[in-house]
Amino acid sequence: MKRDIDINEISDGRRYGLNDMVKADCGDCTGCWDCCSGMGSSIVLDPLDVHRLTEGTGLSAEQLLDQYLELGVVDGVILPNLKLTGEAERCGFLTAEGRCSIHSFRPGICRLFPLGRLYEEGKVFYFLQVGECSHKNRGKIKVRKWLGEADAAGYEGYIREWHYFLLDVEEAIRQRGEDAFHRQITAYLLRLFYLTPYRQEDFFGQLYQRLSEAREFWQLPEQLR
């Protein structure tokens, strides 16, 4: 998701890598679920997020869309996001006690918060969002550990490729300027990357194969990195 903002207005002014220490540790968020409510449609899910949710909940992608997710348009592409419900706009996966019932397989944006991502010159950087997290006395933690990914470098590479792929799709839609093409490609991508199940093993390998198939099928232009 692209955001037209001045990074210096929302961050601590630093760019972090996987091995850097950052004040992001919220101490298990005991008694707080502020970032799990009132977020609108901003918790956009990538294919790995939905795959993990299907594995963790035992529900299909279609069933998740019926109960916990919804579809929205992000930079011209139809993508799923967490559905927030009720007057408080709470995440459907929150328990009555305000605890995350999917914490071990929660989406990437949830894992990242209160950090954000930057994509510059083909690389991924992280920044600390100021004023977003209610926890005031956060501890220092290595970015790699905060993400909680067994293969942090592999995950970062995947996130990078998915980000630039979506930029390429957006550019293809802009260049064609045809409503029919727009509808066809977004429906195709939703089916290919989200609704078609992945095998349990080697998710990244399967994802990269689907990226290659999509690029070849739609003859997508590649952004300069």
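*Asks:* What am I meant to see in the pattern of salt bridges here?
*Replies:* When their charged atoms lie close together, side chains carrying opposite charge are able to pair. Going through the model one piece at a time under the given rule, you end up with eight salt bridges. In this structure, Arg15 and Glu120 form a salt bridge, with 2.8 Å as the shortest nitrogen-oxygen distance. Taken together, the residues Arg15 in the loop between helix H1 (7-10) and strand E1 (21-25) and Glu120 in strand E6 (residues 115-120) connect sequence positions 105 residues apart. You can call Arg15 partly exposed: its relative accessible area is 38%. Take Glu120: its relative accessible area is 28%, and that puts it in the partly exposed class. The salt bridge partner of Arg215 is Asp168, with a shortest N-O separation of 2.6 Å. Residue Arg215 is found in helix H8 (residues 203-218), and its partner Asp168 is found in helix H6 (residues 152-176); the two are separated by 47 residues along the sequence. Accessibility classification places Arg215 together with Asp168 in one group, the buried group. Salt bridges sharing common partners tie together Arg52, Arg111 and Glu149.

*Asks:* Help me out: how do you make sense of the packing of helix H7 (residues 179-195) against H8 in this one?
*Replies:* Two quantities define a packed helix pair, namely the angle between the helix axes and the distance between the axes. Interaxial distance between H7 and H8 falls to 11 Å at its minimum, and their mutual angle equals 160°. Relative to H8, the element H7 is oriented roughly antiparallel. When the axes of H7 and H8 are compared, the crossing they make is right-handed. Contacts between H7 and H8 involve Phe181, Gln184, Ile185, Tyr188, Leu189, Leu192 and Phe193 from the former and Leu207, Arg210, Leu211, Glu213, Ala214, Phe217 and Trp218 from the latter. The class makeup of the residues in the contact of H7 with H8 is eleven nonpolar, one polar and two charged.

*Asks:* What's the story with the packing of aromatic side chains in this structure? I'm lost.
*Replies:* Centre-to-centre distance and the angle between the planes together describe a pair of aromatic rings. One pass over the structure, following the stated rule, counts 15 aromatic pairs. For the pair Tyr158 and Phe203, a centre-to-centre distance of 5.8 Å together with 85° between the ring planes defines the contact as edge-to-face. Pair noted here: Tyr158 is in helix H6 and Phe203 is in helix H8, with a separation of 45 residues, a long-range link. For the residue pair Tyr158 and Phe203, the accessibility class agrees, reading buried in each case.

*Asks:* I would appreciate a short explanation of the packing of H6 against H7 in the present structure.
*Replies:* At a minimum axis distance of 10 Å, the contact between H6 and H7 shows a crossing angle of 160°. In this view, H6 runs roughly antiparallel relative to H7, as classed from their interaxial angle. You can see that H6 and H7 cross each other, and the crossing is right-handed. Facing H6, whose interface residues are Trp162, Phe165, Val169, Ala172, Ile173 and Arg176, H7 presents Phe181, His182, Ile185, Thr186, Leu189, Phe193 and Tyr194. Along the lines of polarity and charge, the residues of the contact of H6 with H7 split into ten nonpolar, two polar and one charged.

*Asks:* So what exactly am I meant to see when it comes to the pairing of strand E2 (residues 69-74) here?
*Replies:* Each regular strand displays side chains that alternate between the two surfaces of the sheet. Pairing between E2 and strand E3 (residues 77-82): six bridges, direction antiparallel. By the bridge assignment, Val73 is partnered in E3 with Ile78. Connecting the antiparallel pair E2 and E3 is a turn made up of two residues, with Asp75 showing a positive phi of about 50°.

*Asks:* It is not clear to me how the nonpolar core should be interpreted in this structure. Could you clarify?
*Replies:* A general trend in soluble globular proteins is that nonpolar side chains are found buried together. One finds Trp162, Phe165 and Phe193 to be the most contacted residues of the largest nonpolar core, which totals 43 residues. For this core, the secondary-structure elements that each account for two or more residues are helix H2 (47-57), helix H3 (61-67), E2, E3, H6, H7 and H8. For this core, the leading source of residues is H6, giving nine residues. Aside from chain neighbours lying at most four places away, what touches Phe165 is Leu189, Phe193, Leu211, Ala214, Arg215 and Leu220. Counting 15 residues, the second largest nonpolar core, distinct from the first, contains Tyr16, Cys26, Leu115 and Tyr126.

Calculation rules
- Residues numbered from 1 in each chain as written.
- Predicted model: local features only at pLDDT ≥ 70, side-chain atom pairs only at ≥ 80, totals over all residues.
- Heavy atoms only, no water.
- Salt bridge = Lys/Arg side-chain N within 4 Å of Asp/Glu carboxyl O.
- Helix = DSSP H or I, 4+ residues; strand = E, 2+ residues; numbered from the N terminus.
- Buried < 20%, exposed > 50% of the residue type's maximum accessible area, 1.4 Å probe, protein only.
- Axes fitted to C-alpha atoms, helices over the stretch in contact; angles between N-to-C directions.
- Parallel < 35°, antiparallel > 145°, perpendicular 65-115°, else oblique.
- Left-handed = near helix turned anticlockwise from the far one by under 90°.
- Contact = heavy atoms within 4.5 Å.
- Nonpolar A, V, L, I, M, F, W, Y, C, P; charged D, E, K, R; others polar.
- Phe/Tyr/Trp six-rings, centres within 6.5 Å; stacked < 30°, edge-to-face > 60°.
- Pairing = 2+ DSSP bridges.
- Core = buried A, V, L, I, M, F, W, Y, C linked by side-chain atoms within 4.5 Å.

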